[in-house]
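The lines below spell out each chain.
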Amino acid sequence: MKLTGAQILLEELKYHGITEVFGYPGGTVINIYDELYKAEEQGTIKHYITAHEQGAVHAADGYARASGKTGVAIATSGPGATNTVTGIATAYLDSIPLVVITGNVPTTLIGRDSFQEVDMVGITMPITKHNFIVKSTADLQKTLRRAFYIANHGKKGPVLVDIPKDMQTGTCTYNRDKKFNFSKANQKKSLNFDKAVEFISSSKKPFLYVGGGVIAANASELVLQLSRKINAPVGCSLMGLSAIPRDYDAFLGLIGMHGRYAASKAQAECDLLIAIGTRFSDRTTGNKEKFRKSCKVLQIDIDKAEIGKNVPTDFYLEGNINDILAALLPKIPQSENTEWIDYAKKLRWSDDNFSRMKDHEYSPYSIIKEVAKHMKDDTVVATDVGQHQMWTAQYYPLKKPRTLVTSGGLGTMGFGMGAAIGASLAKNKQRTVLFTSDGSFHMNLNELVTAVSNNLPILVVLLDNNALGMVRQWQDVFFEKRHSQTILNRKTNYVKLIEAFGGTGFRVTNMKELADSLVKALKINNGPVLLHCIIDGEANVLPMIPPNSSVDEIINK
Amino acid sequence: MELKNYTLTILVDDLPGALTRITGLFARRAYNIDGLTVIKASKKGTSLVTIVTQTDDRNIQIIVRQIERIADVQSVKIV
């Protein structure tokens, strides 16, 4: 069967089970959009147009995080392509599987500074797992197969495929059933389970440090079993949040800079740190020498390049986390020693672990908790980046994996609106919550149009402190309160703003207004609702461990 | 840590950009390249890249693992 390149792309998307894609049309992808038009008529693939290509990639990213599937985004050449860069880097730092398709000028015009030509392979080389430019339509099928393989194989991540216009119009024979093998030869894996069991058995105070790899491998249940079997408390990185249900009594929450006191304290006192699917980010570890001062480190990760990269490792197991834990668990005896885990549980309920304001007061914490009361266990919570993100990470009672969609590694302000759209679509237009702030929201609020056009019931909870709060907080602590460019004094009327886009908004200044607005907001199921919550401009995220420090230097008040 | 000279031989797919991916990794991670050669390898469709770099025992392992992660790289050896 002879097909055009654009048709081959659509066939390959279908082959990989893709039913939703995000993007924005343009000159060098018209042929692809012509095929998308036909696919939509056939009901095979639905395309969602966003307000901006960055929003499209964040939406594909949010879709992938909430569903576990591969996100797909499409953009035209030149500015369309460069607009995807922040979205791609966001997915790369958090290991989210994406396939991003960009158009490019015809191969005959490449390298001549043609209209809307940029070297996307060059631009995205350091922020993709791999990228391709297609130079022959005959290579397109193999390239796309390989792109999906790389995005999902090993540590996941984004892959970009740049398809010049003449590669989309060119034809070649296509056979859907053609088989490809992309595995590399002679990959030896070190799997000495007996040695790992020795490490674990000789530990009196083991601690599980859980990262996003646990969610990627769907290994939450086995991590819980491990915790119960060896009586180890559990802490996590930002990307690991939602892997362990908040109500598990040995779960201490986020470790690190803005983590919970109990989690950082127990980590600092453990004698064996079992790190599962995590890369020891500086935001988690603080000072790396102090971080592993008292303990040995046993690392479990799918990617050998992560072993010992940021913190030296005493022993490691390389491979799929779920497979490794399934093989390891039967070899470990049930621990009878509960002294350590009981101590950790006491830390969880100690006064030092609650540096927040009182529950009944109108505060960021109480707003987040009040919103959570109205949500289901599987409601996806998206965030932007800054103080509101940390408050959400600290206090939203996440119960199920993949219910938190947040930009961890790159810390992308403006991520939230697009991501919430993707997450809602991944869950069949289910209600999704976005916690955002006046700073972050102004960066990508244009994506409200996408939520309105597609009748997505996204509850936008905007915490307005009239500041770029996280930077303002650092200026308070480290720069003698010189608030350079962080007090915004903007006059935006958010209620009118969302009404102009076609949604609904409420202004909130106290707990009573919050409760009343929530009741009204939750009756609206066919579009976005914004709660403009005006909060104390001086509220800080606590506790705080200063950069390159340890729990000994924690600022708790 | 004691700095030593290491020679890496890297077998790569003979594709445009493969060398850029390797040298780009060295540049991004601030590893210095003291010597570099590229020749066609005996295996069809592959090239052999030889890189000399100065670092310590722990870092060279990290460098090797990061090069192995590049999709176009087939294998890496420390000579």
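Up top is the structure.
Residues numbered from 1 in each chain as written. Chains lettered and ligands numbered in written order. Predicted model: local features only at pLDDT ≥ 70, side-chain atom pairs only at ≥ 80, totals over all residues. Heavy atoms only, no water.

Brief notes about helix 16 (residues 339-348) of chain A
Residues and elements named next belong to chain A.
Right, so step 1: Of all the positions in helix 16, only W340, I341, A344, L347 and R348 are classed as buried. One side of helix 16 carries all its buried residues, which in axial view fall inside an arc of 110°. Exposed and facing more than 90 degrees away from the buried side of helix 16 are E339 and K346.
Right, so step 2: Against the buried residues of helix 16 lie strand 9 (206-210), strand 11 (251-254) and helix 12 (261-269). (Buried < 20%, exposed > 50% of the residue type's maximum accessible area, 1.4 Å probe, protein only. Helix = DSSP H or I, 4+ residues; strand = E, 2+ residues; numbered from the N terminus. Arc of directions from axis to C-beta. Contact = heavy atoms within 4.5 Å.)

Let's talk about unusual backbone geometry
As a rule of thumb, non-glycine residues mostly have phi less than zero, and peptide bonds are mostly trans rather than cis.
Residue and element names in this part refer to chain A.
Right, so step 1: The amide bond that connects L542 to the next residue, P543, takes the cis arrangement and shows omega of 0°.
Right, so step 2: Here P543 lies in the segment after strand 20 (529-534).
Right, so step 3: Phi is positive for N428, close to 60°, though the residue is something other than glycine.
Right, so step 4: You can see N428 is positioned in the loop between helix 19 (416-426) and strand 17 (432-437).
Right, so step 5: Classification of N428 as exposed rests on a relative accessible area of 72%.

Describing the sheet that holds strand 13 (residues 296-301) of chain A
Strand-to-strand pairing in sheets goes through backbone hydrogen bonds, with the strands running parallel or antiparallel.
Residue and element names in this part refer to chain A.
Right, so step 1: As summarised here, the arrangement of the six strands in space is 11-10-9-12-13-14, forming an open sheet in which the pairing is parallel. In the strand order of this sheet, the two ends are held by strand 11 and strand 14 (315-318), each with one partner. Strand-to-strand, the axes of this sheet are offset by a mean angle of 15°, without reference to chain direction.
Right, so step 2: Bridge count between strand 9 and strand 10 (residues 234-236): three bridges; the pairing is parallel. Looking at the pairing, Y209 lines up with G235 of strand 10. (Pairing = 2+ DSSP bridges. Axes fitted to C-alpha atoms, helices over the stretch in contact; angles between N-to-C directions.)

Concerning the environment of T284 of chain A
Residue and element names in this part refer to chain A.
Right, so step 1: Relative to the assigned elements, T284 resides in helix 13 (residues 282-285).
Right, so step 2: A sequence separation of 254 residues divides T284 from I30, and the C-alpha atoms of the two residues are 45 Å apart.
Right, so step 3: Discounting chain neighbours no more than four positions away, the residues touching T284 are Y209, S237, I255, G256 and F291.

Some words on the nonpolar core
Residue and element names in this part refer to chain A.
Right, so step 1: In terms of nonpolar packing, the biggest core is built from 72 residues, with L241, I274, V371, L459, V461 and L531 touching the most fellow members.
Right, so step 2: Those residues in contact with V461 that lie beyond four places of it in its chain are I367, V371, V433, L434, F435, T436, L531 and C533.
Right, so step 3: In terms of nonpolar packing, the next biggest core, distinct from the first, is built from 42 residues, A56, Y63, A382 and F415 among them. (Core = buried A, V, L, I, M, F, W, Y, C linked by side-chain atoms within 4.5 Å.)

Considering the interface of chain A and chain B
Right, so step 1: Each partner contributes to the interface: chain A provides 18 residues, whereas chain B provides 16 residues.
Right, so step 2: Of the roughly 1,500 Å² buried between chain A and chain B, counting both surfaces, carbon and sulfur atoms make up 46%.
Right, so step 3: Applying the counting criterion to the chain A and chain B interface returns three salt bridges.
Right, so step 4: Across the pair E306 of chain A and R69 of chain B runs a salt bridge, and its minimum N-O distance is 3.6 Å. (Buried area = accessible area lost by both parts, 1.4 Å probe. Salt bridge = Lys/Arg side-chain N within 4 Å of Asp/Glu carboxyl O.)

A look at the packing of aromatic side chains
All names here are of chain A.
Right, so step 1: Under the defined criterion, the tally for this structure stands at 16 aromatic pairs over all chains.
Right, so step 2: Taking the centre distance of 5.9 Å and the plane angle of 65° together, the rings of F22 and Y63 count as edge-to-face. Of this pair, F22 sits in strand 2 (residues 20-23) while Y63 sits in helix 3 (residues 53-67); the two residues are 41 residues apart in sequence, bridging distant segments of the chain. The residues F22 and Y63 share a single accessibility class, namely buried.
Right, so step 3: An angle of 90° between the planes, with centres 6.2 Å apart, marks the rings of F280 and F291 as edge-to-face. Here F280, found in the loop between strand 12 (272-276) and helix 13, pairs with F291, found in helix 14 (residues 288-291); they are 11 residues apart in sequence, far enough to count as distant. For the pair shown, F280 and F291 are each scored as buried.
Right, so step 4: Grouped by ring-pair contacts, the aromatic residues F22, Y48 and Y63 constitute a single cluster.
Right, so step 5: Its end group placed over the ring of Y48, K46 keeps NZ or CZ at 5.0 Å from the ring centre.
Right, so step 6: Its guanidinium or amino end placed over the ring of Y15, R145 lies 3.5 Å from that ring's centre, counting from NZ or CZ. (Phe/Tyr/Trp six-rings, centres within 6.5 Å; stacked < 30°, edge-to-face > 60°. Lys NZ or Arg CZ within 6 Å of the ring centre and 35° of its normal.)

As for the sheet that holds strand 20 of chain A
Residues and elements named next belong to chain A.
Right, so step 1: Strands sit in the order 16-15-17-18-20-19 across an open sheet of six strands; the sheet is parallel. In this open sheet, the two edge strands, each paired with only one partner strand, are strand 16 (404-405) and strand 19 (504-508).
Right, so step 2: As paired strands, strand 18 (residues 458-464) and strand 20 are joined by six bridges and run parallel to one another. Following the sheet pairing, L459 is matched in strand 20 by V529.

A closer look at a nonpolar patch on the surface
All names here are of chain A.
Right, so step 1: A surface patch of nonpolar side chains, amounting to about 260 Å² of accessible area, comprises V477, F478 and F479.
Right, so step 2: Its location among the elements puts V477 in helix 22 (residues 469-478).
Right, so step 3: For V477, a relative accessible area of 37% translates into the label partly exposed. (Patch = residues over 30% accessible without salt bridge, like charges linked within 9 Å, V, L, I, M, F, W, Y side chains within 5 Å. Areas by Shrake-Rupley, 256 points an atom, 1.4 Å probe, with all protein chains shown as cover.)

Brief notes about the pairing of strand 9 of chain A
All names here are of chain A.
Right, so step 1: With respect to burial, strand 9 is a largely interior element, five of its five residues being buried.
Right, so step 2: Neither face of strand 9 is open: one carries P206, L208 and V210, the other F207 and Y209, and all of them are buried.
Right, so step 3: The sheet contact formed by strand 9 and strand 12 spans five bridges and is parallel. Residue pairing in the sheet places L208 in a bridge with I274 of strand 12.

Any link to function would need more than the numbers given here.
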